[in-house]
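One-letter residues, chain by chain:
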Amino acid sequence: MGEATGHLSDLSGDAQAFVRLQDVTKIFGETVAVQSVNLAIERTEIFALLGSSGCGKSTLLRMLAGFEPVTSGQIFLDGEDITDLAPYARPVNMMFQSYALFPHMSVEANVAFGLKQEKVPSSEIHERVYEALELVQMSPFAKRRPHQLSGGQQQRVALARSLVKRPKLLLLDEPMSALDKQIRHTTQIELVRLLEQLGVTCFMVTHDQEEAMTMANRVAVMTEGQIRQIGTPQEVYAYPNSRFVAGFIGSTNLFEGVISVDQPGHIKIESEDLPRAFYVDHGVSEPLGMAVSVSLRPEQIRVARVAPAQEHNWAHGMVSHLAWMGSYALYQIRLDSGKTIEASVPSQVLATRELPGIDDEVYVSWGNDSVTVLSS
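Predicted model only: the values in this text are computed from it and were never measured.

Across all of its chains, the model carries six aromatic pairs by this definition. Relative to phenylalanine 113, the ring of phenylalanine 102 has its centre 4.8 Å away and its plane inclined at 55°; by these criteria the two rings are tilted. On the criterion of sequence distance, the pair formed by phenylalanine 102 in the loop between strand S6 (92–95) and helix H2 (107–117) and phenylalanine 113 in helix H2 is long-range, its members being eleven residues apart. On the accessibility criterion, phenylalanine 102 (28% relative accessible area) is partly exposed. Seen from their ring centres, phenylalanine 278 and tryptophan 366 are 5.6 Å apart, and the 40° between their planes marks the pair as tilted. Residue phenylalanine 278 is located in strand S13 (residues 278–280), and its partner tryptophan 366 is located in the loop between strand S19 (361–365) and strand S20 (371–374); the two are separated by 88 residues in the primary sequence.

Right, let's get into the confidence of the model for the chain. Model confidence for the chain is summarised by a mean pLDDT of 88, while 94% of its residues fall at 70 or above. Ranking the elements of the chain by mean pLDDT puts helix H9 (residues 347–350) last, at 77, and strand S4 (residues 72–77) first, at 97. Confidence drops under a pLDDT of 50 for residues 1–13, and excluding neighbours within four residues, the segment shows 35 contacts in the predicted structure.

Within helix H1 (residues 57–65), seven of the nine residues are buried, which leaves the element mostly enclosed by the surrounding structure. Buried within H1 we find Lys57, Thr59, Leu60, Leu61, Met63, Leu64 and Ala65. Positive backbone phi, at 95°, marks glycine 66, one or two positions downstream of H1.

A few words on the pattern of salt bridges. A full pass over the atoms with the stated rule returns twelve salt bridges. Residue glutamate 68 pairs with lysine 26 through a salt bridge whose shortest N-O separation is 3.7 Å. Linking glutamate 68 in the loop between H1 and S4 with lysine 26 in strand S1 (residues 19–28), this pair joins segments that are 42 residues apart in sequence. Each member of the pair, glutamate 68 together with lysine 26, is buried. Residues glutamate 118 and lysine 165 are paired through a salt bridge, measuring 3.0 Å at the closest nitrogen-oxygen approach. Of this pair, glutamate 118 sits in the loop between H2 and helix H3 (122–135) while lysine 165 sits in the loop between helix H4 (151–163) and strand S7 (169–173), and the two are 47 residues apart along the sequence. Judged by its relative accessible area of 44%, glutamate 118 is partly exposed. Lysine 165 sits in the partly exposed class, given a relative accessible area of 34%. Shared partners join several salt bridges into a network, and the residues in it are Lys26, Arg62 and Glu68.

Turning next to the sheet that holds strand S18 (residues 340–346). Pairing is antiparallel in the open sheet, where five strands are placed in the order S15-S19-S16-S17-S18. If you trace the sheet from one side to the other, it starts and ends with strand S15 (302–304) and S18, each paired once. Sheet twist, expressed as the mean angle between neighbouring strand axes with direction ignored, is 45°. The sheet contact formed by S15 and S19 spans three bridges and is antiparallel. For valine 303, the partnering residue across the bridge sits in S19 and is valine 364.

Our next topic: the sheet that holds S6. Spatial ordering of the open sheet is given by S6-S7-S8-S3-S9-S10, a layout of six strands whose pairing is mixed. Both edges of this open sheet fall to S6 and strand S10 (226–231), since each of them pairs with a single strand only. Strand-to-strand twist of the sheet, defined as the mean angle between neighbouring strand axes without regard to direction, takes the value 20°. As paired elements, strand S9 (residues 218–223) and S10 share five bridges and run antiparallel to each other. Paired with alanine 220 across the bridge in S10 is isoleucine 230. Against the sheet, H1 contacts strand S3 (46–50), S6, S7, strand S8 (201–206) and S9, and its axis sits at roughly 150° relative to S7. Running over the sheet, H4 touches S6 and S7 and is turned about 170° from S6.

Each value, and the rule that gives it
Residues numbered from 1 in each chain as written. Predicted model: local features only at pLDDT ≥ 70, side-chain atom pairs only at ≥ 80, totals over all residues. Heavy atoms only, no water. Phe/Tyr/Trp six-rings, centres within 6.5 Å; stacked < 30°, edge-to-face > 60°. Helix = DSSP H or I, 4+ residues; strand = E, 2+ residues; numbered from the N terminus. Buried < 20%, exposed > 50% of the residue type's maximum accessible area, 1.4 Å probe, protein only. pLDDT = per-residue confidence, 0-100. Contact = heavy atoms within 4.5 Å. Salt bridge = Lys/Arg side-chain N within 4 Å of Asp/Glu carboxyl O. Pairing = 2+ DSSP bridges. Axes fitted to C-alpha atoms, helices over the stretch in contact; angles between N-to-C directions.

So this is what it looks like as structure tokens:
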């Protein structure tokens, strides 16, 4: 079975792509871990494979690295078929989530280790090691041991060790998981800046949505061994192609309904959770009368004490929970139908008027272009 095509995205696999996976499958016994995956990654692109534990993303990464043999399919890198090449023969390097630095070695020795294993001349090793350390701004710490470095500094050393071998493809396995949350965001941006500066093609796997959305040029969402959608972070968030992707990327409110009106300029979707139909100012490919889901992001919902003037796309309810998140307030609102939805109100809005509190009656509303209609 192939993958579903995402909005504005092509999963078919460009033959000219720098990295190309063609119908790659991995089977362990009776378990299909990766199922007919096709990917095309461009040169210098930072590509993120996003999914929960057990979805197959780490298995796919290990097949790219050569640590796991491919059951069927082919892997191409810069025009070369590397499917059956041993790990050491591939122009690929992996940075592990634990960094895997040798604690008894200095920073310099850690970075030099791979080159020594390859019998590179010592004069060249010294030059390449310090070139790599300069790139990651760690040359002043060359004589230190890993335990004398911060988490962010250890990550830079691990990156230098990966880059010193001048790989065509850099693989990152959960690159920020070992870092404290406080420094994770800064380090993500710093790593992206460095990779872009070096022009390195990068394939990373992560279960962290924020990490993928912050670092990658494009994101692939994976579940049960299959890729469900590929696109830029903005595309995948704004135009999910399935209930799974809509619920997995960010937060969303999902409604079930039936298409009741299908006009050239708009459609209407009747839902038991709302007193009036969704009015959507774009068409859909699904036929009249078909059951669909509607995805409505929390930030698209307006919260007010009085009923809106618009005819469609609003409902009445009561605030059941309120959490102050700093830059926004997160409301949980129980609609008259009994369904609970979430709405986020930016702090700029909070500062301009008094907003409802817990147990207050409220009206929620949204624009005609705020929802995504999903058929699968």
